[in-house]
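Understanding the architecture of this molecule
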Amino acid sequence: MVKDDCFYLGKIVKKYSFKGEVLAKLDTDEPDIYENLDAIFVDLRNNLVPFFIEHAQLHKSELLRIKFEDVDTEADADAIMKSHLYLPLSALPKLDGDKFYFHEIIGFTVEDINYGNIGVIKGINDSTAQSLFEIDKNGIEILIPMNDEFIEKVDKGNKTIIVKTPEGLIDLYLEE
């Protein structure tokens, strides 16, 4: 399994018991849907290694307490401490309506209600306070905030996102 076929689920943040249990901070709004996993991929030295789960349960609502098979001591737990956790993309819950995962919309066309065709989504920049669509228009990068007020419609069937951006935003990128 390679990272491109997976999504980041969270990170092991601390040991829970002397029997090898660990606590993982999950990067999700719905941690309870991950309580019944059979296995998970642990990133060890840039290799995704499958670990089988004996049991897992939510701990203080935002942490997942996990007991992996063959992780039976504090030393075993230390060996995986601070590791990132991944699951296959196929394990992501399906989203309804205009909701989407970032990886799903790469390659979608973006159209503005007033401007027309803006270009194709090449990536998502989520390193800022607000995530941005990174759109390619004939070699020019256009950044549009992923703001609910701007997104009019997500048409997954036609791989198109309809937006209504503030007047002049797109022109800022195209003026010479």
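Attention here is on the structure that accompanies the text.

Criteria and thresholds
Residues numbered from 1 in each chain as written. Predicted model: local features only at pLDDT ≥ 70, side-chain atom pairs only at ≥ 80, totals over all residues. Heavy atoms only, no water. Helix = DSSP H or I, 4+ residues; strand = E, 2+ residues; numbered from the N terminus. Polar contact = N/O pair within 3.5 Å; in protein donor to acceptor, adjacent residues only side chain to side chain. Buried < 20%, exposed > 50% of the residue type's maximum accessible area, 1.4 Å probe, protein only. Pairing = 2+ DSSP bridges. Axes fitted to C-alpha atoms, helices over the stretch in contact; angles between N-to-C directions. 1 Å grid on protein atoms, 1.4 Å probe; cavity = no way out; pocket = protein on both sides within 12 Å on 5 of 7 lines; lining within 4 Å. Points joined across faces, edges and corners; volume = space filled by probe spheres on them. Nonpolar A, V, L, I, M, F, W, Y, C, P; charged D, E, K, R; others polar. Salt bridge = Lys/Arg side-chain N within 4 Å of Asp/Glu carboxyl O. Contact = heavy atoms within 4.5 Å.

By the secondary structure assignment, asparagine 125 is in strand β8 (residues 116-125). A distance of 2.7 Å separates polar atoms of two side chains, one belonging to asparagine 125 and the other to serine 127.

Within the secondary structure, serine 17 sits in the loop between β1 (6-15) and β2 (22-26). By relative accessible area, serine 17 is classed as buried at 18%. At 3.1 Å, the side chain of serine 17 forms a polar contact with the backbone nitrogen of lysine 19.

Overall, antiparallel pairing links the 6 strands, which are arranged β1-β2-β5-β4-β3-β6 in a closed barrel. The average undirected angle you get between the axes of adjacent strands in this sheet is 45°. Examined bridge by bridge, β2 and strand β5 (residues 63-68) share 4 bridges and lie antiparallel to one another. Bridge pairing links lysine 25 to leucine 63 in β5.

Before going further, it helps to examine the sheet that holds strand β11 (residues 151-155). The strand order across the open sheet built from 6 strands is β10-β9-β8-β7-β12-β11, with neighbouring strands paired in mixed fashion. The sheet terminates laterally at β10 (140-145) and β11, the two strands that pair on one side only. Strand-to-strand, the axes of this sheet are offset by a mean angle of 35°, without reference to chain direction.

Here we take up the layout of surface pockets. Reported here for the largest pocket is a volume of approximately 1100 Å³. What lines the largest pocket is a set of 25 residues, and nearest its centre among them are Asp29, Leu95, Phe100, Tyr101 and Phe102. Take the lining of the largest pocket: its biggest share by element is 3 residues, from β1. A breakdown of the residues in the lining of the largest pocket according to their chemical character gives 15 nonpolar, 2 polar and 8 charged.

The next point concerns the pairing of strand β4 (residues 47-59). Strand direction decides the pairing type here: strand β3 (residues 39-44) and β4, joined by 6 bridges, are antiparallel. Bridge pairing in β4 places isoleucine 40 opposite phenylalanine 51. A loop of 2 residues connects β3 with β4, the two strands running antiparallel in sequence, and arginine 45 in this loop sits at a positive phi of about 50°. Of the strand pairs in this sheet, β4 and β5 are connected by 6 bridges, and their pairing is antiparallel. Within β5, the residue paired with histidine 55 across the bridge is lysine 67.

The next subject is the pattern of salt bridges. Applying the stated criterion across every chain yields a total of 6 salt bridges. Among the ionic pairs, glutamate 54 bridges to lysine 67, the shortest N-O distance being 3.9 Å. With glutamate 54 in strand β4 and lysine 67 in strand β5, the pair connects residues that are 13 residues apart, well separated along the chain. On the basis of relative accessibility, which here comes to 47%, the residue glutamate 54 falls in the partly exposed class. For lysine 67, a relative accessible area of 8% corresponds to the buried category. One salt bridge in this structure joins lysine 67 and aspartate 72, with 2.8 Å as the shortest N-O distance. Residue aspartate 72 is classed as partly exposed on the basis of its relative accessible area, which comes to 42%. One network of salt bridges, in which partners are shared, links Lys15, Glu74 and Asp78.

This next bit is on the environment of leucine 48. As for its placement among the helices and strands, leucine 48 is situated in strand β4. In this structure the C-alpha to C-alpha distance between leucine 48 and leucine 87, which are 39 residues apart in sequence, comes to 9.7 Å. Contacts of leucine 48, omitting those with residues within four sequence positions, involve Met1, Val2, Lys3, Cys6, Phe41, Val42, Asp43 and Tyr86.

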